[in-house]
Amino acid sequence: MSHAEVWVIAAAAVFGIGLYSLLIASHLLRQLIAIKVMGSAIFLVLVVAAGPIDGALDGLPKALVLTGIVIAISAIAFALALLVRLAEVTGSTSLEDEADDDR
Amino acid sequence: MTVLLPAVVVFLLLNLVAGLWRVYTGPSAADRMLSALLFGSTTVAILLLLAQWQDSPALRVAALLFVMLAAITSIAFVAMVQGGAARRQPATRANGTKS
Amino acid sequence: MSLAIDLLIATGLVVLAWQALVGGSLFRGIVMFIVFGLTMALAWARLGSPDLAMAEAAIGAGVTGALLMIAYWRLRALGANRPAPRSPLRARVALGVGLLSAVLVAMIGLAAVGAIGPGGEAGQALAEALPATGLGNPITGVLVIFRNLDTLLEVAVLLAAYVASRAVMGDDKAALPLPPAQDAPLVGALVAVLAPLAVLVAIYLLKAGSQLPGGAFQAGAVLAAGGVLLMLAGRLHPAPLCGVGLRIALVAGTVVFSGVGLIMLALGQPLLAIPGTWAVYLIETAMMISIGATLVLLFAGSAGLTGTPRR
């Protein structure tokens, strides 16, 4: 197994765990962490797929990922503000409860 | 040196696994905090070794950043654990100011 | 031996992701997520990318972790309900979906590893065009010169995230609650050392960013970490109003960046042409200040900041 394959397979496993958790977690905070972890896995694939591990000089995917990290924290920060507001207004930390009430 | 440095890195990584076990089991929040701090300093050592071995001096700057963040994390942990997990307070009293 | 290092870090990432996301208390999940972020930083270091290692440690683990922690603390302070766990049937379906998506990502990733040659065409073009700019760090080159419209919009997205966070907060609220200030004897001494150090490290990262790994985003995140520290230690408090200085700091990155670009347009150059290394420093300094101020305000959950506590 080559270096790149190790990283890609690990990233794929992390992505799968993230999606699994996103689907089963009911707390929105946990779902947000899941989305962030899935994003990290994709960043890893992007950088590893772009070049060799030792002495890689391709700056393009790295700049892309750096942008991605900042966009991710912007999205997370806004989502957390929404979550705190949701808890203030409804007292709930999940989107599931509303569906239950309708039944 | 080409064999010694990666060997030490592997040893330190195994050290991290041991530290992680403590983060995982706890039992108290303080145990988790201390092992997370240990995690920070071991990571610094790994970064310094990688800087030497991979011949990329910039990783030393990353190590510097880790040292600073670890110190800040320790204060954040104390604030959150005391304010969040240990005692519950109504939102109005805990407004960032000493009442 | 080097494969062993890769295997250990990669396995650590998978295990940490599992522990952060599946089972256990939410608080432990957040701690595990922060450790996951630090391990990601190690992975970037191993992959020969100190820029990303710094950004991941400061932004991905540090500031994101602080935001998650403070949100968790606020939810507890609000006494919000903990949702009921999902049904076992859903867990089985989710397991299948997770496995499928992992296989999909692995297939795409492995195909991409084989498909793209070392360096790639865009990477070679970048390496050839970089010396003419006077910059030594290809990532700074891409961010500030070659693809600077992306970076300008990125700073705008961060600003938009702050404005949107304020907008959903409701009119009745000046600030979200914060944990009580830490006044243990050691905290003061630590803050006295760490706060100036944060500023020093930020300026160093900014200065180094043109030639070596570093840059405005890492520097801004370090400034934000310093601000969060001051806030937790009770040296900086949320304020109901955003002062003029803080407003300037919030928009400095967007205004200076687009200002330089528009002036060049007026001088007959293409839009967002960067006139020289001095302009790179000017833009990066403004971005660093904006990023630091925005992230601290997002943590504070308030409109402004003040040194004196609100009574």
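Residues numbered from 1 in each chain as written. Chains lettered and ligands numbered in written order. Predicted model: local features only at pLDDT ≥ 70, side-chain atom pairs only at ≥ 80, totals over all residues. Heavy atoms only, no water.

1. Comments concerning the overall build of chain B
Scanning chain B from terminus to terminus reveals three helices and zero strands. Taken from N to C terminus, the helices and strands of chain B fall in the order α-α-α. For chain B, the proportion of its 99 residues judged to be buried stands at 52%. Sequence separation of at least 24 residues holds for 46% of the intrachain contacts in chain B that already meet a minimum separation of 6. (Helix = DSSP H or I, 4+ residues; strand = E, 2+ residues; numbered from the N terminus. Buried < 20%, exposed > 50% of the residue type's maximum accessible area, 1.4 Å probe, protein only. Contact = heavy atoms within 4.5 Å.)

2. Let's talk about the packing of aromatic side chains
Aromatic ring pairs are reported here in terms of the distance separating the ring centres and the angle at which the planes meet. All names here are of chain C. Going through the model one piece at a time under the given rule, you end up with three aromatic pairs over all chains. Summarising the aromatic geometry, the rings of Phe 33 and Phe 36 are spaced 6.4 Å apart at their centres and angled 25° between planes, so their arrangement reads as stacked. Linking Phe 33 with Phe 36, this pair stays in helix α2 (residues 26-46), spanning three residues, or about one helical turn. For the pair formed by Phe 33 and Phe 36, the shared burial category is buried. (Phe/Tyr/Trp six-rings, centres within 6.5 Å; stacked < 30°, edge-to-face > 60°.)

3. Focus on empty space enclosed by the protein
It is the rolling of a water-molecule-sized probe over the atoms that shows where space remains empty. By the definition in use, this model includes seven cavities of 30 Å³ or more. Looking at the largest cavity, its volume works out to about 390 Å³. What lines the largest cavity is a set of 25 residues, and nearest its centre among them are Leu 69, Ile 72 and Thr 73 of chain B together with Ile 34 and Gly 62 of chain C. When residues of the lining of the largest cavity are traced back to their parent elements, those giving at least two are α2 (29-53) and α3 (58-86) of chain B together with α2, α3 (50-78) and α9 (216-232) of chain C. Looking at which element gives the most residues to the lining of the largest cavity, the answer is α3 of chain B, with eight residues. Tallied by class, the residues present in the lining of the largest cavity amount to 21 nonpolar, four polar and no charged. Of the volumes computed, that of the second largest cavity is approximately 140 Å³. In terms of lining, the second largest cavity is formed by 17 residues, of which the most central are Ala 77, Leu 80 and Ala 81 of chain A together with Arg 74 and Leu 298 of chain C. (1 Å grid on protein atoms, 1.4 Å probe; cavity = no way out; pocket = protein on both sides within 12 Å on 5 of 7 lines; lining within 4 Å. Points joined across faces, edges and corners; volume = space filled by probe spheres on them. Nonpolar A, V, L, I, M, F, W, Y, C, P; charged D, E, K, R; others polar.)

4. Comments concerning the interface of chain C and chain A
Residue-level contacts link 90 residues of chain C with 71 residues of chain A. Approximately 7300 Å² of surface area, both sides summed, lies buried where chain C meets chain A, with 77% of it carried by carbon and sulfur atoms. When residues of chain C are sorted by the area they lose upon contact with chain A, Leu 21, Leu 47 and Arg 86 of chain C head the list and together hold 11% of the total. Here chain C is connected to chain A by zero salt bridges. On inspection of chain C and its partner chain A, the count reaches eight residue pairs in polar contact (both at pLDDT 80 or more). (Buried area = accessible area lost by both parts, 1.4 Å probe. Salt bridge = Lys/Arg side-chain N within 4 Å of Asp/Glu carboxyl O. Polar contact = N/O pair within 3.5 Å; in protein donor to acceptor, adjacent residues only side chain to side chain.)

5. Regarding the layout of surface pockets
All names here are of chain A. Each pocket or cavity is described by its volume, and for the second largest pocket that value is around 290 Å³. Forming the walls of the second largest pocket are 17 residues, and the residues nearest its centre are Ile 24, Ala 25, Ser 26, His 27 and Arg 30. By residue class, the composition of the lining of the second largest pocket is nine nonpolar, five polar and three charged.

6. Points about the confidence of the model for chain B
Residue and element names in this part refer to chain B. For chain B, per-residue confidence averages 75 on the pLDDT scale, and residues scoring 70 or more make up 79% of the total. Within chain B, α3 has the poorest average pLDDT of any element, 76, and helix α1 (residues 4-25) the best, 84. A low-confidence stretch, residues 84-99 stays under pLDDT 50, and its non-local contacts, those more than four residues away or across chains, total 34 contacts. (pLDDT = per-residue confidence, 0-100.)

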